[in-house]
Amino acid sequence: EAVALVDRWPQWPAPVVILAGPAGSGKSHLASIWREQSDASRVSPRRIGEAVAALGARPALIDDIDAAPIDDNALFHLINAVRGAGSCLLLTARRFPSAWGVVLPDLASRLKAAATVEIHEPDDMLLAGVITKLFADRQVEVEPHVVQYLVRRIERSLATAMRVVERLDRAALEQKSRITRALAAEA
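Asker: Help me get a handle on the nonpolar core, residues and values and all.
Answerer: Judged by nonpolar contacts, the single largest core of 24 residues is most densely connected at I62, I65, L75, L89, L91 and W100. Contributing elements (two or more residues each) for this core: β1 (16-20), α3 (48-55), β3 (60-62), α4 (72-84), β4 (89-93) and α5 (105-112). Broken down by element, the residue count for this core peaks at 6 residues, all from α4. In terms of nonpolar packing, the next biggest core, distinct from the first, is built from 23 residues, V142, L150, I154 and A172 among them.

Asker: Any chance you could break down the packing of aromatic side chains for me, citing the residues and the numbers?
Answerer: A full pass over the atoms with the stated rule returns 2 aromatic pairs. Where W9 meets W34, the ring centres are 6.2 Å apart and the plane angle is 85 degrees; that geometry is what we call edge-to-face. Placement of the pair is W9 in the loop between α1 (2-8) and β1 and W34 in helix α2 (residues 27-38), with a sequence separation of 25 residues. Here W34 falls in the buried class, since its relative accessible area comes to 0%. On the numbers, 5.2 Å between centres and 20 degrees between planes, the contact of W12 with W34 is stacked.

Asker: So, unusual backbone geometry: which residues are in play, and what are the values?
Answerer: With omega at 10 degrees, the peptide bond leading from W9 into P10 counts as cis. Considering the arrangement of structural elements, one finds P10 in the loop between α1 and β1. With a phi angle near 55 degrees, D39 is a residue other than glycine that sits in the positive phi range. Residue placement: D39 occurs in the loop between α2 and β2 (41-42). Phi is positive for Q139, which is not a glycine, with a value near 60 degrees.

Asker: Account for the sheet that holds strand β5 (residues 115-118), with residues named and values stated.
Answerer: If you walk across this open sheet you meet the 5 strands as β2-β3-β4-β1-β5, and the pairing is parallel. Of all the strands in the sheet, just β2 and β5 have a single pairing partner and so form its edges. Sheet topology places β3 next to β4; 3 bridges connect them, and they run parallel. Counted as the bridge partner of A60 is L89 from β4. Here α2 sits on the sheet in contact with β1, β2, β3 and β4, set at roughly 165 degrees to β4. Sheet strands touched by α4: β1, β3 and β4. Its angle to β4, the strand with the most contacts, is close to 145 degrees.

Asker: Explain the pattern of salt bridges to me, using residue names and the numbers behind them.
Answerer: Between side chains of opposite charge, a pair can form as their charged atoms come close. Applying the stated criterion across every chain, the model contains 8 salt bridges. Note that R178 and E143 form a salt bridge whose closest N and O atoms lie 3.5 Å from each other. In this pair, R178 is assigned in the loop between α8 (158-175) and α9 (181-186) and E143 in the loop between α6 (124-137) and α7 (144-153), connecting sequence segments 35 residues apart. For R178, a relative accessible area of 53% translates into the label exposed. A relative accessible area of 34% means that E143 is categorised as partly exposed.

How each quantity is defined
Residues numbered from 1 in each chain as written. Predicted model: local features only at pLDDT ≥ 70, side-chain atom pairs only at ≥ 80, totals over all residues. Heavy atoms only, no water. Core = buried A, V, L, I, M, F, W, Y, C linked by side-chain atoms within 4.5 Å. Buried < 20%, exposed > 50% of the residue type's maximum accessible area, 1.4 Å probe, protein only. Helix = DSSP H or I, 4+ residues; strand = E, 2+ residues; numbered from the N terminus. Phe/Tyr/Trp six-rings, centres within 6.5 Å; stacked < 30°, edge-to-face > 60°. Pairing = 2+ DSSP bridges. Contact = heavy atoms within 4.5 Å. Axes fitted to C-alpha atoms, helices over the stretch in contact; angles between N-to-C directions. Salt bridge = Lys/Arg side-chain N within 4 Å of Asp/Glu carboxyl O.

Just geometry here; none of it tells us what the structure is for.
Right, dumping it as structure tokens:
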């Protein structure tokens, strides 16, 4: 759903789009693809107020908007500027806007009107593919049965998959061994 929404730009259902999902779920990657396609201006979550005047009619991207306290007034003015220019704003976040601690009622209303897409935790097949890719990125070959062993036992999140792959790679290097089911169980 998130990929389809990014691909649909500039025919978005709303001028403000929010991609929400856990760490490592691909939000920033999708946002980067959209930014390249749209020639969007990257806005720092800590410098939203500075971007309002300089933006003009360009689309804007704020990645990880909920990583720090949000400047309600600045975000409200940025949304209004984007809407007034007939442009778009893409926000990525780990949580939905209702959990951002927004106190400005008009901003809360604007965020409720945004198109929000949730990127869910991975299913078994996706998690296995991600683990395999993470090992391949480290130039480590792991047997499929070891990957399946991990998929059945780790927390269902991409962030955990990244930590497990890193831990197993480090353990294998320290022990000067391959990554086996026994090593995975030990780690």
